[in-house]
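Here are the chains, one letter per residue:
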Amino acid sequence: MLHHTLSRRNFIGLFAGGATVALAGCGASSSSADSDAAAETADIAGAQLTFVGDDAFAPYRYLETQADGTQKVVGLDIAVADELASRLGFSYTYEAQEFAATLASVQGSQTSFTMAMSSNAEREQTFDFTRGYYQPRVGVLTLGGSAVQALGDLSGKSIACTTGTVQNKFIAAAMPDADIHTYDGGSQCLQEVLAGRVDAYLCDGAEGQSMRDANEGLVLGLLDRDETKDYVGVYRLMAAKGASFVAAVDECIGQMLEDGAIDGFIEQYVGADFKWDGDYSASGTSTVSAG
């Protein structure tokens, strides 16, 4: 998961589940293949799961004030989770936690999951992952000028990054001789750009959109996925190793990619520039066998 500097708040468990009606599978069909899929997914119909995660990670998860003054967790991850729950017939509660506590909470439960997580060899020793449902784009924030849309456009520029993020690791590997400045948080990187002390802030593209919209004069460019795909992993749903619901959820995510449901959510919460547009080859596969 990318490091973000939006405030992370503890928030009491909020019900955000989908329908509890037991569905035959993810999508209706009478084919034998779908019948086999239905047998695999039937085990989680009626299940009660827990979504553990940060509630200040816009546009993936964030609190939105409703007309009656109450606050509700919304965002891309919530929309995808709600659709999964509706199609597969499970329900879930949302338990907001700081990111540092999330991994331990998920690891210690066979009925908990989190989202917007990238897999790697170390994590796969402890957790199971679905295929990716969202492919992040690397954003470049500059103060005025033309949008940076290719890695070569960063040549000769001073670059700010949040320490330890995938963007930091990407630029260090792709341009090892670049003038890279690392900071503890995205807000520090942003201030360096606004003050003119660095030329560009390399960030999560969706985060960059929010910063651009809130600060006059900022320009956001998005690097081509072909330049970043070897460094920036897709976002996946993650659960404890051996959690029984992961295979069914993974299959359903695959169908939601194919039928366009996930692209609809991405366009709604992130933007059209971030859609898969039919090419979801980079989503990969689950790290657990469906059998």
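Here the structure is shown first, and the text comes after it.
Definitions and cut-offs
- Residues numbered from 1 in each chain as written.
- Predicted model: local features only at pLDDT ≥ 70, side-chain atom pairs only at ≥ 80, totals over all residues.
- Heavy atoms only, no water.
- Pairing = 2+ DSSP bridges.
- Helix = DSSP H or I, 4+ residues; strand = E, 2+ residues; numbered from the N terminus.
- Buried < 20%, exposed > 50% of the residue type's maximum accessible area, 1.4 Å probe, protein only.
- Arc of directions from axis to C-beta.
- Axes fitted to C-alpha atoms, helices over the stretch in contact; angles between N-to-C directions.
- Parallel < 35°, antiparallel > 145°, perpendicular 65-115°, else oblique.
- Contact = heavy atoms within 4.5 Å.
- Nonpolar A, V, L, I, M, F, W, Y, C, P; charged D, E, K, R; others polar.
- 1 Å grid on protein atoms, 1.4 Å probe; cavity = no way out; pocket = protein on both sides within 12 Å on 5 of 7 lines; lining within 4 Å.
- Points joined across faces, edges and corners; volume = space filled by probe spheres on them.
- Core = buried A, V, L, I, M, F, W, Y, C linked by side-chain atoms within 4.5 Å.
- Salt bridge = Lys/Arg side-chain N within 4 Å of Asp/Glu carboxyl O.
- Expected span 1.5 Å × (residues − 1).

(A) Just the pairing of strand β5 (residues 71–74), in detail. In this sheet, β5 lies alongside strand β4 (residues 61–65) in antiparallel orientation, the contact comprising four bridges. Opposite Leu63, over in β5, you have Val73 as the bridge partner. Here β4 folds back onto β5 in antiparallel fashion, the turn holding five residues, of which Gly69 has a positive phi close to 90 degrees.

(B) View of the sheet that holds strand β3 (residues 56–57). Spatially, three strands are ordered β3-β4-β5 in an open sheet, and the strand pairing comes out antiparallel. Each having just a single partner strand, β3 and β5 make up the two edges of the open sheet. Inspection of the sheet shows β3 paired to β4 by two bridges, in the antiparallel sense. Opposite Phe57, over in β4, you have Arg61 as the bridge partner.

(C) Molecular detail of unusual backbone geometry. Look at the link from Ala58 to Pro59: it is a cis peptide, with omega at 5 degrees. You can see Pro59 is positioned in the loop between β3 and β4. For Ala116, which is not glycine, the phi torsion reads 60 degrees and is therefore positive. In this fold, Ala116 is placed in strand β7 (residues 112–117). Residue Asp277 is not a glycine yet carries a positive backbone phi of 55 degrees. Secondary-structure assignment places Asp277 in the segment after α9 (261–269). A relative accessible area of 56% places Asp277 in the exposed class.

(D) Molecular detail of helix α5 (residues 186–194). Considered for burial, the residues of α5 that qualify are Gly186, Cys189, Leu190, Glu192 and Val193. Seen along its axis, α5 keeps its buried residues to an arc of 160 degrees; they face one direction. Of the residues one or two after α5, Gly196 is the one with positive phi, at around 80 degrees.

(E) Looking closely at the packing of helix α8 (residues 246–258) against α9. For the pair α8 and α9, interaxial distance at closest approach is 4 Å and the crossing angle is 75 degrees. As judged from the angle between their axes, α8 and α9 are roughly perpendicular. Packed against α8, whose contacting residues are Ile253, Met256 and Leu257, the element α9 presents Ala261, Ile262 and Phe265 at the interface. Counted by class, the contact of α8 with α9 contains six nonpolar, no polar and no charged residues.

(F) View of the layout of surface pockets. The volume enclosed by the second largest pocket comes to roughly 190 Å³. For the second largest pocket, the full set of lining residues is Gln135, Asp224, Arg225, Asp226, Lys229, Lys275, Trp276, Asp277, Asp279, Ser281 and Ala282. Here the residues of the lining of the second largest pocket sort into two nonpolar, two polar and seven charged.

(G) Examining the packing of helix α2 (residues 76–88) against α8 more closely. At their nearest, the axes of α2 and α8 sit 10 Å apart, and the two run at 110 degrees to each other. On the basis of their axis angle, the class for α2 and α8 is roughly perpendicular. Note on element contacts: α8 touches α2 through Ala248, Val249, Cys252, Ile253 and Met256, opposite Val80, Glu83, Leu84, Arg87 and Leu88. Classifying every residue of the contact of α2 with α8 by side-chain character gives eight nonpolar, no polar and two charged.

(H) Fine view of the nonpolar core. Core analysis: the biggest nonpolar cluster contains 58 residues, and Leu76, Leu84, Tyr92, Phe113, Tyr133, Tyr134 and Phe245 have the highest contact counts within it. For this core, the element with the most residues is α2, which contributes eight residues. Setting aside its immediate chain neighbours within four residues, Leu76 contacts Pro59, Tyr60, Tyr133, Tyr134, Phe265, Ile266, Tyr269 and Val270. Counting 14 residues, the second largest nonpolar core, distinct from the first, contains Val140, Val148, Leu154 and Leu202.

(I) Expanded view of the environment of Ser187. Checked against the element boundaries, Ser187 lands in helix α5. Look at Ser187 and you get partly exposed, because its relative accessible area is 39%. A sequence separation of 24 residues divides Ser187 from Met211, and the C-alpha atoms of the two residues are 9.1 Å apart.

(J) Looking closely at the pattern of salt bridges. The full count for this structure, using the stated rule, is ten salt bridges. A network of salt bridges, in which partner residues are shared, links Glu83, Arg87 and Asp259.

(K) Up close: α8. In this model, α8 (13 residues) spans 19 Å end to end at C-alpha, consistent with the 18 Å of a helix rising 1.5 Å per residue. Buried residues dominate α8, accounting for ten of its 13 residues. All of the buried residues along α8 are Val246, Ala247, Ala248, Val249, Asp250, Cys252, Ile253, Gly254, Met256 and Leu257. Among the residues trailing α8, Gly260 stands out with phi positive, at a value near 90 degrees.

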